[in-house]
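Okay, here's what each chain looks like letter by letter:
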Amino acid sequence: MTPLRERSKLSRPRVAPTLARSLLPVAGIIVFAVLLQAALKPWLETVSGGDFYAKVLLDIGINVTLAVSLTIVNGFTGQFSIGHAAFMAVGGYTAAGIVYYGSMFAFGSAEVVGGSLSTMGDNHAGPLFRSGDLIFCISLIVGGIVAAICGFLVGLPSLRLKGDYLAIVTLGFGEIVRVLIQQSRDVSYDLEEMKQAPLVGLAQLFTQKHDDWQAPVWARLGGPLGFSGLPFYTSLFWAFLVAGITLLVAIRLKRSTFGRAFLSIREDEVASEAMGVNTTSYKVWAFVISAFFAGVAGALFAHETGIQLSAQELGFQKSFDIIIMVVLGGMGSISGAAIAAAAITILPELLRDPTKLVGWQPQIIALTILAAIVAGAFRLGGRRATPLWATALAGLSLVAITWLGYGAVKVAAATGHPLDIRLGNYRMIIFALSLILMMILRPQGLLGVREIWDKSFWNKRRPAPAAASPPPQTPAPEGTVSINKKFEPDIDPGHTGIPPSTDSD
Amino acid sequence: MPSILRVQSLSKSFGGLKAVQDFSLDLAEKDLQGLIGPNGAGKTTVFNLLTGVYKPDTGTITLDKQNITGLRPSKIAAAGLSRTFQNIRLFGELSVLDNVRLGCHVRSGGTMAGAIAHSMFNRAEEQAILARARELLGVFNLNPLEDDQARNLCYGDQRRLEIVRALATEPKVLLLDEPAAGMNPQEKKELAAAIRGLRDRFNLTILLIEHDMGLVMEICEKITVLDYGETIAVGTPKEIQTNPKVIEAYLGEAEPPEGSKAA
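Residues numbered from 1 in each chain as written. Chains lettered and ligands numbered in written order. Predicted model: local features only at pLDDT ≥ 70, side-chain atom pairs only at ≥ 80, totals over all residues.

**Some details on the overall build of chain A**
Helices and strands together make up the secondary structure of chain A, namely 18 helices and zero strands. Burial status across chain A gives 43% buried among its 505 residues. Looking at chain A alone, contacts between residues at least 24 apart form 77% of all its contacts between residues at least 6 apart. (Helix = DSSP H or I, 4+ residues; strand = E, 2+ residues; numbered from the N terminus. Buried ≥ 20, exposed ≤ 12 C-beta atoms within 10 Å, placed from the backbone. Contact = placed C-beta atoms within 7 Å.)

**Concerning the interface of chain B and chain A**
Each partner contributes residues to the interface: chain B has 75 residues there, and chain A has 60 residues. It is helix H5 (residues 120-139) of chain B that provides the largest number of residues to the side of chain B that touches chain A, a total of twelve residues. Class assignment of the residues belonging to the side of chain B that touches chain A gives a composition of 32 nonpolar, 22 polar and 21 charged. (Nonpolar A, V, L, I, M, F, W, Y, C, P; charged D, E, K, R; others polar.)

**Section: unusual backbone geometry**
Residue and element names in this part refer to chain B. Here the phi dihedral of Lys 30 falls at roughly 65°; this positive angle occurs in a residue that is not glycine. Note that Lys 30 resides in the loop between strand E2 (17-28) and strand E3 (32-36). For Glu 178, which is not glycine, the phi dihedral falls at a positive 50°. Tracing the backbone shows Glu 178 in the loop between strand E7 (173-177) and helix H7 (185-202). Assessed through the 24 C-beta atoms surrounding it within 10 Å, Glu 178 is described here as buried.

**Details of the pairing of strand E1 (residues 3-14) of chain B**
Residue and element names in this part refer to chain B. Sheet topology note: the E1/E2 ladder contains eight bridges and is antiparallel. Counterpart to Leu 5 in the pairing with E2 is Leu 27. Of the strand pairs in this sheet, E1 and strand E4 (residues 58-63) are connected by five bridges, and their pairing is antiparallel. Opposite Ser 11, over in E4, you have Thr 58 as the bridge partner. (Pairing = 2+ DSSP bridges.)

**What about helix H14 (residues 334-350) of chain A?**
Between its first and last C-alpha, H14(A) extends 24 Å over 17 residues, near the 24 Å set by a 1.5 Å rise per residue. Among the 17 residues in H14(A), 15 count as buried, and that is most of the element. (Expected span 1.5 Å × (residues − 1).)

**A few points about H5(B)**
The terminal C-alpha atoms of H5(B) lie 29 Å apart, and with 20 residues this matches the ideal 28 Å at 1.5 Å per residue to within 8%. Among the residues of H5(B), those classed as buried are Asn122(B), Arg123(B), Glu125(B), Glu126(B), Ala128(B), Ile129(B), Arg132(B), Ala133(B), Leu136(B) and Leu137(B). Close packing links the buried residues of H5(B) with helix H1 (4-10), helix H2 (15-46) and helix H10 (257-267) of chain A together with helix H3 (96-104), helix H4 (112-117) and helix H6 (155-168) of chain B. Positive phi appears at Asn141(B), one or two residues downstream of H5(B), with a value of about 55°.

**Side note on the nonpolar core**
Counting 197 residues, the largest nonpolar core has Ala67(A), Ala89(A), Ala297(A), Ala338(A), Ala340(A), Ala341(A) and Val164(B) as its most contacted members. The contact partners of Ala67(A), leaving out residues within four places of it in the chain, are Ile322(A), Met325(A), Val326(A), Gly329(A), Ala337(A), Ala338(A), Ala340(A) and Ala341(A). (Core = buried A, V, L, I, M, F, W, Y, C linked by C-beta atoms within 7 Å.)

**Overview of the sheet that holds strand E8 (residues 205-209) of chain B**
Residues and elements named next belong to chain B. A sheet is described by the order of its strands in space; here six strands give the open sequence E6-E7-E8-E3-E9-E10, paired in mixed fashion. Because the sheet does not close on itself, it has two edges, and the strands there are strand E6 (81-83) and strand E10 (230-235). Taking the axes of each pair of neighbouring strands and ignoring which way they run, one obtains an average angle of 20° across the sheet. Pairing between E6 and E7: three bridges, direction parallel. Residue pairing for E7: Ser 82 is matched across the bridge by Leu 174. This element, helix H1 (residues 43-50), spans E3, E6, E7, E8 and strand E9 (222-227) of the sheet and lies at about 150° to E7. (Axes fitted to C-alpha atoms, helices over the stretch in contact; angles between N-to-C directions.)

**Notes on the packing of helix H13 (residues 316-329) of chain A against H14(A)**
All names here are of chain A. Two elements in contact, H13 and H14, have axes whose closest approach is 7 Å; the angle formed by their N-to-C orientations is 125°. With respect to H14, the axis of H13 lies oblique. In terms of crossing hand, the pair formed by H13 and H14 is right-handed. On H14, the residues touching Ile 324, Met 325, Val 326, Leu 328 and Gly 329 of H13 are Gly 336, Ala 337, Ile 339, Ala 340, Ala 341 and Ile 344. Here the contact of H13 with H14 is built from residues that sort into nine nonpolar, two polar and no charged. (Parallel < 35°, antiparallel > 145°, perpendicular 65-115°, else oblique. Left-handed = near helix turned anticlockwise from the far one by under 90°.)

**Some words on the packing of helix H4 (residues 84-107) of chain A against H13(A)**
Residue and element names in this part refer to chain A. Interaxial distance between H4 and H13 falls to 7 Å at its minimum, and their mutual angle equals 115°. Residues His 84, Ala 85 and Met 88 of H4 form the contact with H13, whose participating residues are Phe 316, Lys 318, Ser 319 and Ile 322. Among the residues forming the contact of H4 with H13, the class breakdown is four nonpolar, two polar and one charged.

**Observations regarding the sheet that holds strand E5 (residues 66-67) of chain B**
Residue and element names in this part refer to chain B. Strand order in the open sheet formed by four strands is E2-E1-E4-E5, with antiparallel pairing between adjacent strands. Each edge of the open sheet carries a strand with a single partner, namely E2 and E5. Strand contacts of H1: E1, E2 and E4, with the helix running at about 65° to E2, the strand carrying the most contacts.

Structure, rendered in C-alpha cells:
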C-alpha cells in the first residue's frame, strides 16, 4: 500500500475549486459583516427599540466568538478551562490601552475617529475606514496575541494536570489577572501629564507608592473603577467579522488532521499518544488558539457601547457564562456552541421587563424559543427515541401554556382584576429552570460532538446497516468440546497441555 | 535476516515489584513472534515499555538501528512501532473513518496554518489521507461502517478497527495485545489468516500477546514465555509445548505422589 507521503504527492487537487474553497468563505464573512452594518443597522434605527436589538446582536457576535474559542480547549481537547474570561480581560485591557493612549497621542483625545463600518452611532455617510480604525484593528490583533501568550503560559501546566486540577489552575490564573488589573493606576485624561509620565519597569511600579501619579502609561488601566473614557469602536461589522473568522478557523481545524488530533486527546490520551500524536504540544496549541480569539473578543467587548470595562465584569462569573454556552451547545460542537451562545444572549434579554421595550411582546417570543429548545432536546434526547409527534406535542403544549398564561393576564386586566405577574422579575429563574431541564433531558448538550451539517446528525436513527451486526456464530466444529461458551477454535493444532486463559494481566 | 527490533536486558520495577526482569528479544524483519505467559506475568508491561508508556529502569530498545529507549510514545510511533491495546482504546465518539484517519496523522506533513488557510498542500494531503484510510478499512471490510461512531461497533469489529488504526501509522513493527480476545472460533480463524496476510502485504514484523494457545501455536514462528517478569522459555511452538518449565508455570508443580508427605 502506498505510504501517505507519496500518495499526497500524487494527489493533485484542482486549483480553482481549492482556491474557491479557501477564499470564498472569507469573502462571504466580510460581505455578511458589511451587510449587517450597512443594511441591517440603518433599518434597525427606524424600528422602535431597534437600538436595543442592535446591541443584543452585537453581544451575540462577541459571545459566539467566546463560546467557539472555548470549544477549542474544552470541547476539542477535553481540557477543562474555567478561566476563559481572564484571556478576555488580558486582550481587552491590552487593546483598551493601545486604543485609548494611542488615540490620545495620535489625535490628542480619545474620541472615535472611525469610518461608517466601525461605530454603533448613526453616521452612515462618510468614508468606510478612518485612521482610528487602524489603531482599533491593530489593538484587536495585539490584544489577541498578548492573550495567546498568556494562553501558552496557562497551557504549560496542562501538560501535567487533568480535569479538576487543571480547572483550578485556570481559575487561579483568572483571579491573578483580575487582581493585577485592580491594582493598576487610574486612567490618565491629561495628555500633557501623560507625556511626562516615565516608562518605568514592572519592579519600579510595585515599589512606588500607590498614590503616586507618576505611573507608566501601561499601568494606568483604571484599577477597580474600570477603564473609563474608551472610544466605542466595536460595531456589528467588527463583531461579526471576528465571529465569522473564529467559526471558520474552528471548523477548518476540526475537519483537518489537527482537529482529529485534538479530538483524539479528549477521547483517549494514552491511545492518542501511542498513535503518534504529541499530546503535549497539541494541548498547548489548543490553549494558544483559544486564548487568541478570547483576547480579540475581549478587545471587542472593551470598545462596546454601554460597557464600562472593568476587572469585575470579567471575573469568573463571565467564565461560567461562556462555559454554560459550550456545555449547552454540546462539548466539541462548533455549531452547537454558536447556537447556544446566540440563544443564551437573546433569552435573558427578551425575558426582561417589556415595559422598557415598545411594541411587540418579546417575552412571548422568548418563551416560544425556550419551548422550541426544550422540545428539540426531547427530539434529540439521546437514549430513548422520542417520536416526532411526541416532540411536536410537547413543544406545542409548552407554547400553548405560555400563550394561555399570557391570555389569562390580558383577560384579568380587561375585567378589572389585573394579575400582577411581572415575568421580567422571574427571568433568571425561568432561564435557570430551562437550563436544568435541558441538562436532565440532554446532558451531552444540544448537538453532542456533532455539527449541524453532519449527515450523521440528521439520520442518526437509521437502522444499523446489515454489516454492523456481528457475523453469525458458527457451531463449534466436530470433535471440539466447548464448555461455558469458551470456544476452542478449530485452528487448535491439538491438545497443548496449556489451558486457555481468558483473563488479563 | 536483519534484526529490526532488538531489546536488550530490559527491566522495570514498580516499587518492590519487579514487573519485568532482564527481558531480551530479537525480531528479524517479517518475523511473527508470540509473547505468552500466565496472568500477571508482565506481558503488557513489556508492550508498555516498548511503546514508551513506561520508561525502562535498565536496558535498551533498538528499532531499525535507532535507539528508542526512553523516547515519548508519539516519537516511538513516528519511528515505526505501533500497537493495539488489550482493553480496547478506540476514540469512541469519533467515526470509524476518523479513527483511521487519526492514525495517518503521524505521517502527515502539513502545518496548522495550512489547514486553517485551506492550502493546496493541505487539500492534497487530506484527500490522500481519506483515500488511504478507506483503503485500510477495506483490509477488514469495515467500509460500510465508516460513518458509525467507533463505540457502537461490535466487539470483534472494534478489535479489527484497532489493528487498522495501528496500520495507518505505517509501522515497521506491530505489537498486538490479545487481538483475538472476545472473538468466536470462526472470527479467530479469520483473524489468524488476516494477521499472516497483513505481514506479507505490509511487510510487517509482528509481536503478539495472546491467551488463545491455538492461535499462538498456529501462527507464531517463535514464542517467548514470561512468568513473574522473567523469561522462562524461548523457542518454536513445538519446543514451548513440551517445555517442562512452561507447563509448570501454567499448571503448577506436579502433585507429590500419595504418601510422600507422611514419609
